[in-house]
Amino acid sequence: MAIERWLVHVVDDEESIRRSLDFLLSNSGYDVMRWCGSESFLKGADKMTPACALVDIRMPGMDGLELQQEMKRDGFNFPVIFLTGHGDVTMAVKAMQEGAVDFLQKPVDRQNVLAAVQAAFETMRDSEERLNRKEWAKTQLGRLTSREQEVLDGLACGYPNKTIAYDLGISSRTVEVYRANVMAKLGVHSFADALRIAFAAGLGSERRWLSEHTLLAPR
């Protein structure tokens, strides 16, 4: 079921398919914009208006896979659903590897189209929720000093206190003190809750830790 009149871009060189999808989606509560090819879509679509794109994988000129790459380069943060022929399975798999939400074989089934579009917009909502969670977590970390954040980062990497202490040039007891401060400032009652905030904010990368700290203890 459509929510808030979401916008769907239909990009296909066949007018009959554009009309058919427009009719289906419009009557299902979506706003629809039709484009006869990749170039016209890139020139005319508003990348700032949240939307998803139903794209034919084979079109004259710039095909669907090329359009998918161009959308990434141009900042079109739209979920993409591809329309494919029976011989396009390999292309469709590649499209999925590049981030496409789904691919539908022609002739497309009405219910499959609506299910794929709904899934595309659910993906957008999930992305927004992850972004909001990340921003919230970063705000929480703003309560900590830089050294407290470093200690939390080390803990999120799974390192013991003695390893963090060695890498940061402090004592294990000082690491314990920082850990207690982190818990208190974040207002959490369990270490697991502190780790959830750390992970949401992007902490816990062992590769980054090793690149930033030159005093390395045996792991």
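Up top is the structure.
Model, not experiment: these values are computed from the prediction.

**A word on the sheet that holds strand β5 (residues 102-105)**
The pairing of strands in a sheet comes from backbone hydrogen bonds and takes either a parallel or an antiparallel form.
Okay, step 1: The sheet built from five strands is open, its strands ordered β2-β1-β3-β4-β5 with parallel pairing. The open sheet has two edge strands with one neighbour each: β2 (31-35) and β5. Strand-to-strand twist of the sheet, defined as the mean angle between neighbouring strand axes without regard to direction, takes the value 20°.
Okay, step 2: Where strand β1 (residues 7-11) meets β2, five bridges bridge the pair, whose relative direction is parallel. Each bridged residue has a counterpart across the sheet, and for valine 11 the counterpart in β2 is tryptophan 35.
Okay, step 3: Contacts from helix α1 (residues 15-26) reach β1, β2, β3 (51-56) and β4 (80-84) within the one sheet, and its direction differs from that of β2 by about 175°.
Okay, step 4: Strands β1, β3, β4 and β5 of the sheet are contacted by helix α5 (residues 110-141), whose axis makes an angle of about 135° with β3.

**Quick look at the environment of proline 60**
Okay, step 1: Note that proline 60 resides in the loop between β3 and α3 (64-74).
Okay, step 2: Each C-alpha atom of the pair proline 60 and proline 107 lies 19 Å from the other, and the pair is 47 residues apart in sequence.

**Some words on the pattern of salt bridges**
Okay, step 1: For the structure shown, the criterion picks out 11 salt bridges.
Okay, step 2: For glutamate 150, the salt bridge is made with arginine 147, and the minimal N-O distance between the two is 2.7 Å. In this pair, glutamate 150 and arginine 147 are both assigned in helix α6 (residues 146-156), three residues apart and thus about one turn of the helix distant.
Okay, step 3: Judged by its relative accessible area of 26%, glutamate 150 falls in the partly exposed class.
Okay, step 4: One salt bridge in this structure joins aspartate 153 and arginine 208, with 3.4 Å as the shortest N-O distance. Of this pair, aspartate 153 sits in helix α6 while arginine 208 sits in helix α10 (residues 206-212), and the two are 55 residues apart along the sequence.
Okay, step 5: Arginine 208 sits in the partly exposed class, given a relative accessible area of 26%.
Okay, step 6: Where salt bridges share partners, they join Asp12, Asp56 and Lys106 into one cluster.

**Some details on the packing of α6 against helix α9 (residues 191-200)**
Okay, step 1: α9 packs onto α6 with a crossing angle of 100° between their chain directions and a minimal axis gap of 10 Å. In terms of their interaxial angle, α6 and α9 are classed as roughly perpendicular. Counted together, Leu152, Leu155 and Ala156 of α6 and Phe191, Ala194, Leu195, Ala198 and Phe199 of α9 form the full contact between these two elements.
Okay, step 2: Considered class by class, the residues forming the contact of α6 with α9 number eight nonpolar, no polar and no charged.

**Focus on the pairing of β4**
Okay, step 1: In terms of residue burial, β4 counts as a mostly covered element, since five of its five residues are buried.
Okay, step 2: The side-chain alternation of β4 yields two buried faces, one formed by Val80, Phe82 and Thr84 and the other by Ile81 and Leu83.
Okay, step 3: Relative to β4, β3 runs parallel, the two being bridged by four bridges. Note on β4: the bridge partner recorded for leucine 54 is isoleucine 81.
Okay, step 4: You can see the chain leave β3, run along α3 and come back into β4, and the turn it takes is right-handed.
Okay, step 5: Note that β4 and β5 share four bridges and pair parallel. The partner of leucine 83 across the bridge, within β5, is leucine 104.

**Regarding α6**
Okay, step 1: By the burial criterion, the buried members of α6 are Glu148, Val151, Leu152, Asp153, Gly154, Leu155 and Ala156.
Okay, step 2: Note on α6: the residue one or two positions beyond its end, glycine 158, has a positive phi of about 90°.

**Quick look at the packing of aromatic side chains**
Okay, step 1: Overall, the coordinates contain six aromatic pairs when judged by the stated rule.
Okay, step 2: Centroid distance tyrosine 159 to tryptophan 209: 5.7 Å. Interplanar angle 65°. Geometry classified as edge-to-face. A residue pair is termed long-range when its members are at least 10 positions apart, and tyrosine 159 in the loop between α6 and α7 (161-168) and tryptophan 209 in helix α10 qualify at 50 residues.
Okay, step 3: Judged by its relative accessible area of 0%, tryptophan 209 falls in the buried class.

Rules used in this analysis
- Residues numbered from 1 in each chain as written.
- Predicted model: local features only at pLDDT ≥ 70, side-chain atom pairs only at ≥ 80, totals over all residues.
- Heavy atoms only, no water.
- Pairing = 2+ DSSP bridges.
- Helix = DSSP H or I, 4+ residues; strand = E, 2+ residues; numbered from the N terminus.
- Axes fitted to C-alpha atoms, helices over the stretch in contact; angles between N-to-C directions.
- Contact = heavy atoms within 4.5 Å.
- Salt bridge = Lys/Arg side-chain N within 4 Å of Asp/Glu carboxyl O.
- Buried < 20%, exposed > 50% of the residue type's maximum accessible area, 1.4 Å probe, protein only.
- Parallel < 35°, antiparallel > 145°, perpendicular 65-115°, else oblique.
- Nonpolar A, V, L, I, M, F, W, Y, C, P; charged D, E, K, R; others polar.
- Right-handed = clockwise from strand over helix to strand, strands pointing away.
- Phe/Tyr/Trp six-rings, centres within 6.5 Å; stacked < 30°, edge-to-face > 60°.

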